[in-house]
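Structure at a glance
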Amino acid sequence: MKCPFCGEEDTRVIDSRPADEGASIRRRRQCDKCSKRFTTYEKVEAIPLVVIKKDLTREPYDRTKIERGVFRSCHKRPVSVTEMNGLVDRVEAEVFNLGTREVKSNLIGELVMKELEELDAVAYVRFASIYREFKDVSIFMDEIKKILDK
């Protein structure tokens with residue numbers, strides 16, 4: 001690691017400990033030439049994920065899009081922010097655990113719907129009505145009947 005003060009290439013680690021609840025490592029370093037100390041952080045590099053949309057265009061994965069959809073679906077429902085964030089965390093973990101660099105948007109949507117169905121039926125129907133682009137009331141009613149039959 002290069003010293004930020006004098007540019008020397010040789011620095012040594014004098015202390016190392018977990019940071020950010022174990023998500024990174026904080027290292028105290030000292031330069032062998034100027035003896036100044038500085039801190040560095042080491043994190044796992046996330047695999048860049050690309051989402052393939054319905055029209056086959058590609059865009060970088062954006063967690064906030066999932067959050068926005070889930071929060072909108074759960075609006076005025078007895079679902080806590082903690083539960084919504086947990087849902088988004090589970091969907092995100094499942095997507096990243098696939099180990100691929102590209103994922104289809106419909107897979108993400110289906111994962112969100114599966115989670116919402118278990119969390120809140122009304123939020124599920126709200127999300128499904130937008131996600132599946134219901135064209136008429138009969139399709140909407142079919143989806144509600146599936147929920148009622150469970």
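Coordinates for the structure precede this section.
What counts, and at which threshold
- Residues numbered from 1 in each chain as written.
- Predicted model: local features only at pLDDT ≥ 70, side-chain atom pairs only at ≥ 80, totals over all residues.
- Heavy atoms only, no water.
- Salt bridge = Lys/Arg side-chain N within 4 Å of Asp/Glu carboxyl O.
- Helix = DSSP H or I, 4+ residues; strand = E, 2+ residues; numbered from the N terminus.
- Buried < 20%, exposed > 50% of the residue type's maximum accessible area, 1.4 Å probe, protein only.
- Arc of directions from axis to C-beta.
- Contact = heavy atoms within 4.5 Å.

So, on to the pattern of salt bridges. In this structure the tally under the stated criterion is eleven salt bridges. Between Arg90 and Glu115 there is a salt bridge, with the nearest N and O atoms lying 2.8 Å from each other. Residue Arg90 is found in helix α2 (residues 81-96), and its partner Glu115 is found in helix α3 (residues 105-119); the two are separated by 25 residues along the sequence. With relative accessibility at 42%, the residue Arg90 sits in the partly exposed group. Residue Glu115 is classed as buried on the basis of its relative accessible area of 13%. In the salt-bridge network here, residues are joined through shared partners; they are Arg63, Glu67, Asp89 and Glu92.

It is worth spelling out helix α1 (residues 63-73) at this point. Regarding α1, the residues found buried are Ile66, Gly69, Val70 and Ser73. The buried residues of α1 occupy an angular sector of 95° when the element is viewed end-on, so they sit on one face. Packed against the buried residues of α1 are α2, α3 and α4 (121-131).

This next bit is on unusual backbone geometry. A positive phi angle, near 65°, is found at Ser35, a position not held by glycine. Within the secondary structure, Ser35 is located in the loop between β2 (24-31) and β3 (37-43). Given a relative accessible area of 45%, Ser35 falls into the partly exposed group. Phi is positive for Leu56, close to 70°, though the residue is something other than glycine. Note that Leu56 resides in the loop between β4 (50-52) and β5 (58-60).

The analysis is restricted to geometry; functional conclusions fall outside its scope.
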